[in-house]
Amino acid sequence: MIRTLALLFFCAVGLSGPALAQTDESPCRDVNYQSASFTVCTVDMTGDRLDLFLYDAAGKPYGHFTSLDRMLLAKDKKLAFAMNAGMYHENRAPVGHYIENGTELKRVIPNAGPGNFGLLPNGVLCIRKGRADVIETLRYLDDQPACTHATQSGPMLVIDGELHPRFLPDSDSRYIRNGVGTSRDGKTADFVISNVPVTFHAFASFFRDYLKLPQALYFDGNISRLYAPNLNRSDFGFTTLGPIIGVVTDK
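Throughout, a residue's number is its position along its own chain's written sequence, starting from 1. Local features in this predicted model are restricted to residues of pLDDT 70 or higher, and side-chain atom pairs are both shown and tallied only at a pLDDT of 80 or more, whereas totals for entire chains, interfaces and linings draw on every residue. To get the side-chain values, take all heavy atoms of the structure and skip hydrogens and water.

## Some points on the overall build of the protein chain
Here's step 1: Counting from the N terminus, the helices are DSSP H or I runs at least four residues long and the strands are E runs at least two residues long. For the protein chain, the count of helices and strands is four helices and 17 strands.
Here's step 2: Whether a residue is buried, partly exposed or exposed follows from its accessible area with a 1.4 Å probe, protein chains only, as a fraction of its type maximum: under 20%, in between, or over 50%, in that order. Out of the 251 residues belonging to the protein chain, those deemed buried represent 54%.
Here's step 3: Here the analysis covers contacts within the protein chain between residues at least 6 apart in sequence; of these, 72% occur between residues at least 24 apart.
Here's step 4: Per-residue and other accessible areas follow the Shrake-Rupley method at a 1.4 Å probe size, with only the shown protein chains counted as cover for residues. As presented, the protein chain carries roughly 11000 Å² of accessible surface, and 51% of it is formed by carbon and sulfur atoms. Contacts are assigned to residue pairs with any non-hydrogen atoms lying within 4.5 Å of each other.

What follows is the structure in structure tokens.
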């Protein structure tokens, strides 16, 4: 499972910069909550097209937001926003369950294991027509939803309105973190990245207490990146990414 020196990168050169061109049409906004800064990108699942991306036509990982956007621009499409969407191995293959355009590339991993991914309960983001749902992994296996796109990651941040039981308010583990939370009716998905290093507890609390979301899933730390053109933001890192999630619009 890949972990990089991206946190050192952020400390050295910072993010791409503050919100320079935020407009009413932007899916992303900056929020200050309990002395920390977060960027939230809200997706309306009743109207927006939310897709997962991993491999290009040649079978190689896109790796970067610019590579993915370049492919879409050739089809008269573009990214409204994007972020990394789950943990991956050195070859960029997903660590957990992964479905793209209805094709399963990796089965569900239900058991505990090393690292954050194996810190149960973990979960799956399931995208279906008109809705997106963060579902705890064992519940996902029981329900067997017909996902068009899905990515498994861990740990869960919020489970049925409660924080993951292993999160400690006074933890000294702080990273740039990103994840996703979904509304009870599945019509809204909020993608969040912290703009400063935060604890798991602080990050999960933002989903539960500020966004009021009943379910939320951790994507990653250290390598967390966001592409938000309406904020003049395209985060850079030393390594290429695995799965990427984003909203696709007409050019």
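Text resumes after the structure shown.
## Thoughts on the pattern of salt bridges
Side chains that differ in charge, positive against negative, can pair when their charged atoms come close.
Here's step 1: Any Lys or Arg side-chain nitrogen located within 4 Å of an Asp or Glu carboxyl oxygen qualifies as a salt bridge. Applying the stated rule across the entire model yields eight salt bridges.
Here's step 2: The residue Arg233 makes a salt bridge to Asp235 at a minimum N-O spacing of 2.9 Å. We note that Arg233, like Asp235, is buried.
Here's step 3: Where salt bridges share partners, they join Arg128, Arg131 and Asp133 into one cluster.

## Topic: the state of the cysteines
Here's step 1: The disulfide criterion is simple: two cysteine sulfur atoms within 2.5 Å. Evaluation of the coordinates by the stated rule reveals two disulfides.
Here's step 2: Between the sulfur of Cys28 and that of Cys41 lies a disulfide, 2.0 Å long from S to S. Judged by the torsion about the S-S bond (105°), the Cys28/Cys41 disulfide is right-handed. Note that Cys28 is positioned in strand β1 (residues 28–33) and Cys41 in strand β2 (residues 36–44), a separation of 13 residues in sequence.
Here's step 3: Accessibility expressed as a relative area gives 0% for Cys41, which makes it buried.

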